[in-house]
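# Understanding the architecture of this molecule
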Amino acid sequence: MSKLKVSELFYSIQGEGRYMGVPSVFLRTFGCNFKCDGFGLPKGEMSVERFNVQPEKYNNYKELPLVKSGCDSYASWDPRFKDLSPVIDSDGIVSSIMDILPHNRWMDEHLVITGGEPLLGWQRSFPDLLNNYQMKSLKEITFETNGTQELTSEFRDYLVEWKRNREKNALTFSVSPKLSISGESWDEAIRPSIIHQYQDVGFVYLKFVVSTEEDVLEAEKAVEEYKAGGFTGPVYLMPCGGVESVYELNAKNVALAAMKRGWRYSDRLQVPLFKNEWGT
Ligand code: SF4
């Protein structure tokens, strides 16, 4: 039976993107190929906030402090925190999902597989999870990805089969490419050929986290590259910041920038609703 290293498993309202407002189970896998230490800081500066968190002081993921800069889910990939993410077999994960669903089975809820970066090596473990008989009535899945990981041919074939008896848009890839504000390099982060691959099996949209006009211009440049590579889906702009104070400063301007380009605006509903706490 396949196993996953699980950072978080919780039930909440999806706060971002296409499924904003939809009750969703979030499965957060451990591990990421990026660090995104630049978020929330002037360009060129890197956050050291996560280094100030001492892992030995915490027994539980939920007790960890939130950070105002850098990746807001740092504990889902920083190896210093790896012991807070248990390895669980697929039956154990399904059993926990049934426990947190309000009717102890799938109704209209949606599954979000997120990270970290969920499309790293975990691709080989998802089929066992999704094949469990209690997962058969699941209607919709979103993979929240940074858009840098190719699908293996086995997983691609599996997803095609999974979709066969479901609605056309049952499978979504919410791709959040990292602009230079993240601290990651353009060549590593903007990978149009990979998005093209996702588009072959599911509905794909791009979601850019921005806080300045310069970020928006970069997003424009990235969208041109994605379109040149065959991308045809919608584009969202979302304000930077995992805490309310930062979020309120830039939300309106981000919405205006999206409107100007005919793009969509994504809120971060988990911030005003739940203050972006762990498990939301
Ligand atoms: S890609 Fe996402 S999970 Fe990975 S470091 Fe960046 S923000 Fe965090």
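The structure reproduced in this document is the subject of the present report.

Scoring rules and cut-offs
- Residues numbered from 1 in each chain as written.
- Predicted model: local features only at pLDDT ≥ 70, side-chain atom pairs only at ≥ 80, totals over all residues.
- Heavy atoms only, no water.
- Near = heavy atom within 4 Å.
- Nonpolar A, V, L, I, M, F, W, Y, C, P; charged D, E, K, R; others polar.
- Buried < 20%, exposed > 50% of the residue type's maximum accessible area, 1.4 Å probe, protein only.
- Helix = DSSP H or I, 4+ residues; strand = E, 2+ residues; numbered from the N terminus.
- Arc of directions from axis to C-beta.
- Contact = heavy atoms within 4.5 Å.
- Pairing = 2+ DSSP bridges.
- Right-handed = clockwise from strand over helix to strand, strands pointing away.
- Patch = residues over 30% accessible without salt bridge, like charges linked within 9 Å, V, L, I, M, F, W, Y side chains within 5 Å.
- Areas by Shrake-Rupley, 256 points an atom, 1.4 Å probe, with all protein chains shown as cover.
- Salt bridge = Lys/Arg side-chain N within 4 Å of Asp/Glu carboxyl O.
- Lys, Arg positive; Asp, Glu negative; His and termini not counted.
- Charge placed at Lys NZ, Arg CZ, Asp CG, Glu CD.

## Considerations on the site of the ligand
With respect to spatial proximity, the complete set of residues near the ligand consists of Cys32, Phe34, Lys35, Cys36, Phe39, Cys71, Trp77, Gly116, Asn146 and Lys178. Looking at the shell around the ligand, its residues break down into 6 nonpolar, 2 polar and 2 charged.

## Notes on helix H1 (residues 90-100)
Among the residues of H1, Ser90, Ile93, Val94, Ile97 and Met98 are the ones counted as buried. Along the axis of H1, the buried residues cluster in a sector spanning 140°; they form a single face. Contact partners of the buried residues in H1: strand E1 (3-13), strand E2 (23-29), strand E3 (87-89) and helix H2 (126-131).

## Focus on the pairing of strand E4 (residues 110-114)
Most of E4 sits out of view: 5 of its 5 residues are buried. Across the two faces of E4 the burial is the same, with His110, Val112 and Thr114 and Leu111 and Ile113 all buried. Pairing geometry for E2 and E4, over 5 bridges, is parallel. Considered in E4, the bridge of Arg28 is made with Thr114. Pairing analysis gives 3 bridges linking E4 to strand E5 (residues 141-145), with the strands arranged parallel. Following the sheet pairing, Ile113 is matched in E5 by Phe143. A crossover connection joins E4 to the parallel E5 through H2; in handedness this β-α-β unit is right-handed.

## Quick notes on the environment of Cys36
Looking at the secondary structure, you find Cys36 in the loop between E2 and E3. Taking the C-alpha atoms as reference points, Cys36 and Ser69, separated by 33 residues in sequence, lie 9.3 Å from one another.

## Thoughts on a negative patch on the surface
A grouping of Asp187, Glu188, Glu224 and Glu225 is seen on the molecular surface, where their side chains present a negatively charged patch. Note that Glu225 resides in helix H6 (residues 213-228). On the accessibility criterion, Glu225 (30% relative accessible area) is partly exposed.

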